[in-house]
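# A closer look at the structure
What follows is the residue order along each chain.
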Amino acid sequence: PAPAAASSAPPSTTASLTTFQPASLVIGQPDFAAANGGQTQTSLGHVFGKPWLNGTVLYLPDHGGERVLGFNAEPTTNGAPAPDFTSFPGSTSNRDFNQPQTVQVAGGKLFVTDFGIDRVVIYNTAPTTTYAPADVVVGQRDMTTTVHGSCVGDLLYNPESLFVVGSRLIVTDPPNNRVLIWNSIPTANDTPADQVLGQNSFTTCAINDDNQDGLNDPGPTARTLSFPTDVWSDGTRLVVVDQNNHRVLIWNTFPVGNFVPADLVLGQSDFIHKSYNDDDQNGAPDVTPSARTFRFPYSVDSNGTQLALADPQNSRVLIWNTFPTASFVPADVVLGQGSFTGAAINDDNQDGVQDAAPTARTLNEPG
């Protein structure tokens, strides 16, 4: 198929960010020093994945709260309240979630990865009312049953994230060590994927299985994956976070077909290294990170020019001000830490030791 013509992402401008810059606003807590979880209109259970700002409406997945929160206007004060679209966990239906993780609005539709029920649900019209039912499910046969842990083309296993660009739906399927791609947005339940990356078929799911014998291989290659957690695309370029190989893969041209090798890698100097924070590339983890290494990276995003990566185990977010065109290039900016070698949780004074409370410029395993 021809590459998707345009991104479904809203227009954005380059963000002027500096290292260790404090945030301006906090959602889910009354202030920057608080860190209490909960399931109310102003608190969050446990947040993974990515929110989505659709014009003025902010959709925020609350993984631990079994719900997606909807703010009818972009919050302007700390601890802003929101009605929740789902807060009735414990069942499998077209209205309920079990650990939702990433949301996106594209073409007027709302897409949600429903991690705990191994599915992606699609609302044909982005909801503006509480407890709205979804219209389409992929990754499961229907809205009321769950088949867990399968390795076939129409089922998912704990999907972490998704991205919609043009007519394509791209979903990470981490325990199956693959990324599934639908070339057209599904309009019927149980629509199988058209394409797979990380594997050569829809029935092989082993880790870094370059020879496709169904067994885990000891190391990665340019076309294998080990627990991919996130994706981003502008319709031409494709970025995949390959978490357990401590790297990010980039395809300069959107891959057509299965098992296509990536063109570039971040976090490693080549496609065969896989140790975390391994700046000297000797095959062993380093004690501290650097501007070009990661430890279990999780989430990626881009405005087409800049690239941002959540690096949870180093309690930071890395930003490249220019979209990488070569492997192993260092990031330009770090948030959550005062330097590229810092990795402690909530370390506002940057002494390398976890502080008792967060601040506006520190992080604790950002997703």
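Structure shown above.
Here the structure is a predicted model, which is why all the values come from computation and not from measurement. (Residues numbered from 1 in each chain as written. Predicted model: local features only at pLDDT ≥ 70, side-chain atom pairs only at ≥ 80, totals over all residues. Heavy atoms only, no water.)

This brings us to the state of the cysteines. Simply put, the disulfide is a covalent bond whose two ends are the sulfur atoms of two cysteines. Under the criterion given, the structure shown has one disulfide. In this model, Cys 151 is linked to Cys 205 through a disulfide, with the two sulfur atoms separated by 1.9 Å. Every disulfide takes its handedness from the sign of the S-S torsion; for Cys 151 and Cys 205 that torsion is 90°, giving right-handed. Within this pair, whereas Cys 151 is found in the loop between β7 (136-138) and β8 (162-165), its partner Cys 205 is found in the loop between β11 (195-197) and β12 (228-233), the two being separated by 54 residues in sequence. Classification of Cys 151 as partly exposed rests on a relative accessible area of 21%. When its relative accessible area of 15% is taken as the criterion, Cys 205 is described as buried. (Disulfide = S-S within 2.5 Å. Helix = DSSP H or I, 4+ residues; strand = E, 2+ residues; numbered from the N terminus. Buried < 20%, exposed > 50% of the residue type's maximum accessible area, 1.4 Å probe, protein only.)

Quick look at the pairing of β8 now. What you see with β8 is no split at all: Leu 162 and Val 164 on one side and Phe 163 and Val 165 on the other are buried throughout. Inspection of the sheet shows β8 paired to strand β9 (residues 168-173) by four bridges, in the antiparallel sense. Looking across to β9, one finds that Val 164 is bridged to Leu 169. Hairpin connection from β8 to β9: two residues lie between these consecutive antiparallel strands, with Gly 166 at a positive phi of about 60°. (Pairing = 2+ DSSP bridges.)

This part takes up the sheet that holds strand β16 (residues 299-302). Overall, antiparallel pairing links the four strands, which are arranged β16-β17-β18-β19 in an open sheet. Each edge of the open sheet carries a strand with a single partner, namely β16 and β19 (333-335). Neighbour to neighbour, the strand axes of the sheet diverge by 20° on average, direction disregarded. (Axes fitted to C-alpha atoms, helices over the stretch in contact; angles between N-to-C directions.)

Attention shifts here to unusual backbone geometry. Positioned with a positive phi, Tyr 131 is a non-glycine residue whose angle comes to about 60°. Positionally, Tyr 131 belongs in the loop between β6 (119-123) and β7.

Let us look at empty space enclosed by the protein. Counted by the stated rule, this structure contains one cavity of 30 Å³ or more. Each pocket or cavity is described by its volume, and for the largest cavity that value is around 30 Å³. Lining the largest cavity are Ile 27, Gly 28, Thr 40, Gln 41, Thr 42, Ser 43, Leu 44, Leu 69, Phe 71 and Ala 80. (1 Å grid on protein atoms, 1.4 Å probe; cavity = no way out; pocket = protein on both sides within 12 Å on 5 of 7 lines; lining within 4 Å. Points joined across faces, edges and corners; volume = space filled by probe spheres on them.)

Turning our attention to the side chain of Arg 178. Structurally, Arg 178 can be placed in strand β10 (residues 178-182). Among the polar contacts listed, one links the side chain of Arg 178 to the backbone oxygen of Leu 155, at a separation of 3.1 Å. (Polar contact = N/O pair within 3.5 Å; in protein donor to acceptor, adjacent residues only side chain to side chain.)

Our focus in this paragraph is the pattern of salt bridges. By the definition in use, this model includes twelve salt bridges. For Arg 223, the salt bridge identified is with Asp 210, shortest N-O distance 2.9 Å. Of this pair, Arg 223 sits in the loop between β11 and β12 while Asp 210 sits in the loop between β11 and β12, and the two are 13 residues apart along the sequence. One network of salt bridges, with partners in common, ties together Arg 141, Asp 154 and Asp 190. (Salt bridge = Lys/Arg side-chain N within 4 Å of Asp/Glu carboxyl O.)

Once that is clear, we can look at the packing of aromatic side chains. Following the criterion strictly, the structure yields four aromatic pairs and no others. Aromatic side chains Phe 294 and Trp 320 sit 6.2 Å apart centroid to centroid with 85° between the ring planes, which places their arrangement in the edge-to-face category. On the criterion of sequence distance, the pair formed by Phe 294 in the loop between β15 (264-266) and β16 and Trp 320 in strand β18 (residues 316-320) is long-range, its members being 26 residues apart. Per residue, the accessibility class of Phe 294 equals that of Trp 320, and both read buried. A cation over an aromatic ring shows up here: Arg 168 above the ring of Phe 254, its NZ or CZ 3.9 Å from the ring centre. Positioned above the aromatic ring of Tyr 276 is the side chain of Arg 295, whose terminal nitrogen or guanidinium carbon lies 4.2 Å from the ring centre. (Phe/Tyr/Trp six-rings, centres within 6.5 Å; stacked < 30°, edge-to-face > 60°. Lys NZ or Arg CZ within 6 Å of the ring centre and 35° of its normal.)

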